[in-house]
Amino acid sequence: MWHFVCLTDVKGLPKEIQCTGIDVTEWKLADNELRSSNERYQLVNKATNDAIYDWDIEKDHIEWGEGYQRLFGYDLNDELFPLNKWSADIHPDDLDDILANFDAFLADPEGQHWSVSYRYKKADQSYAYIEEVGYVIRDKEKKAKRMIGALRDVTERKAAETERKALSFQLQENMMEMTLSNAELAESRQRYRDLFHFSPQPMYVYETESLMFVDVNAAAIEFYGYSREEFLSMDITKIRPVEDIPKLLNAVKKDVDGKLVFHGVFRHLKKNGELVYVDIQSNAIKFNSNRTNLVLAKDISERLNYLNALESQNAVLKEISWMQSHVVRAPLSRLMSLIDLIKRDHHLNEDEHKLLEHMLSSAYELDDIIRDISKKTEDASLHAKTNNSPFS
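Residues numbered from 1 in each chain as written. Predicted model: local features only at pLDDT ≥ 70, side-chain atom pairs only at ≥ 80, totals over all residues. Heavy atoms only, no water.

*Asks:* Is there a simple way to think about the overall build of the protein chain in this case?
*Replies:* Regarding its fold elements, the protein chain presents 11 helices and 12 strands. In the protein chain, which comprises 392 residues, the share counted as buried stands at 30%. Looking at the protein chain alone, contacts between residues at least 24 apart form 43% of all its contacts between residues at least 6 apart. By element, 55% of the accessible surface of the protein chain is carried by carbon and sulfur atoms, the whole surface being about 27,000 Å². (Helix = DSSP H or I, 4+ residues; strand = E, 2+ residues; numbered from the N terminus. Buried < 20%, exposed > 50% of the residue type's maximum accessible area, 1.4 Å probe, protein only. Contact = heavy atoms within 4.5 Å. Areas by Shrake-Rupley, 256 points an atom, 1.4 Å probe, with all protein chains shown as cover.)

What follows is the structure, given as structure tokens:
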């Protein structure tokens, strides 16, 4: 680079030209290199989907490449972009660990490369799974001055990994089921048979479509009075009263998905014609690859008979209460009124007045006793009704 200076005489006419030459080769090369570097930076920004950044730590400003807008949907402008603006969009569940890790990295004088994964909020408020790598530049005192790095969206890869893990887990479960030994299968089946056949409660299994019995336990055979062979040759309508069968068939007809569950009190018939009340619990199961229902039947006839007896007793108590309140108290009230009228007779002497007072006092006392008996009778009737439901 040349610098020219024109020297003039006293009249202002050119007299001499001096020139100075400066070698700017290194500056020119550095400028060209800088231009080339910036050009490469811009081309990388356009070519990659990563969000490249350059963080000036002293100014606390992050310069983002175009990938930041493409990945997260945020508009970039010339405003200052401090570090806390970046951290504000980290998922709350990841934030504390990420910041603690980042602070420890910056404080480490030997720390240069930083790599971390977290979830980052996009402009549409959804979260992307991010992998970030960064390189920090330090001064002679090892203090961090600048950091350059990139954020990569790995959401699709994360979803694929999750799906692969789920499929792998399912495959492992299937393999475990397939490798279950014959001995274990036999043991499992035997446990079911023991639980079913040795249960003290009547239990049976019937086919959902045909309603035919397919299995019964010893308790059911004893309770209903049918032999095992008889059970397996008939359907479940044979243990129902005739008038209850339409209701049963209607309920089974609604069982289009094989999820019919009976739970409640029903009437059943024994072989000898005895009508009993049973509390039924039934669940759909697979039996020999067929849709079936497993039923547990608990006899509650004795309990219901006891409750019916209580109801009859309550009726008697009500009648007694009513008689005490209306029949017994009526003549007593009339007697009390008569005594009160006699007391008003001015011809009575003192002894006669005292006698009437005693009679009236006794009548009031008897009236209180009748009222108390009536109240206790009503309370006893109400308590029996509310605390002895067949479903309690």
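Here the narrative resumes.
*Asks:* Which parts of the structure should I look at to understand helix α9 (residues 245–253)?
*Replies:* The α-helix advances 3.6 residues per turn, and as a result positions three or four apart in sequence lie on the same side. Residues I245, L248 and V252 constitute the buried set of α9. The buried residues of α9 occupy one face: seen down the axis, they fall within an arc of 60°. Looking at α9, the residues exposed on the side facing more than 90 degrees away from the buried face are P246, K247 and K253. (Arc of directions from axis to C-beta.)

*Asks:* Help me understand a nonpolar patch on the surface, please; the structure alone is not making it clear to me.
*Replies:* A cluster of nonpolar side chains, Y135, I137 and I148, forms an exposed patch at the surface whose accessible area comes to about 220 Å². Mapped onto the secondary structure, I148 falls in strand β7 (residues 144–153). Given the relative accessible area of 32%, I148 is considered partly exposed. (Patch = residues over 30% accessible without salt bridge, like charges linked within 9 Å, V, L, I, M, F, W, Y side chains within 5 Å. Salt bridge = Lys/Arg side-chain N within 4 Å of Asp/Glu carboxyl O.)

*Asks:* What is the right way to look at the nonpolar core in this model?
*Replies:* Nonpolar side chains tend to gather and get buried jointly when the protein is soluble and globular. If you look at the biggest cluster of nonpolar residues, it comprises 25 residues, and the most contacted ones within it are W64, W86, Y118 and L151. Taken together, the elements giving at least two residues each to this core come down to β3 (51–56), β4 (61–64), α2 (67–72), α4 (92–107), β5 (113–121), β6 (127–138) and β7. Per element, the largest residue contribution to this core is four residues, and it comes from β5. Beyond its immediate stretch of four places on either side in the chain, L151 contacts D50, A51, Y53, W64, L71, F72, W86, Y118, I130, E131 and E132. (Core = buried A, V, L, I, M, F, W, Y, C linked by side-chain atoms within 4.5 Å.)

Limitation: the analysis is restricted to geometry and does not speak to function.
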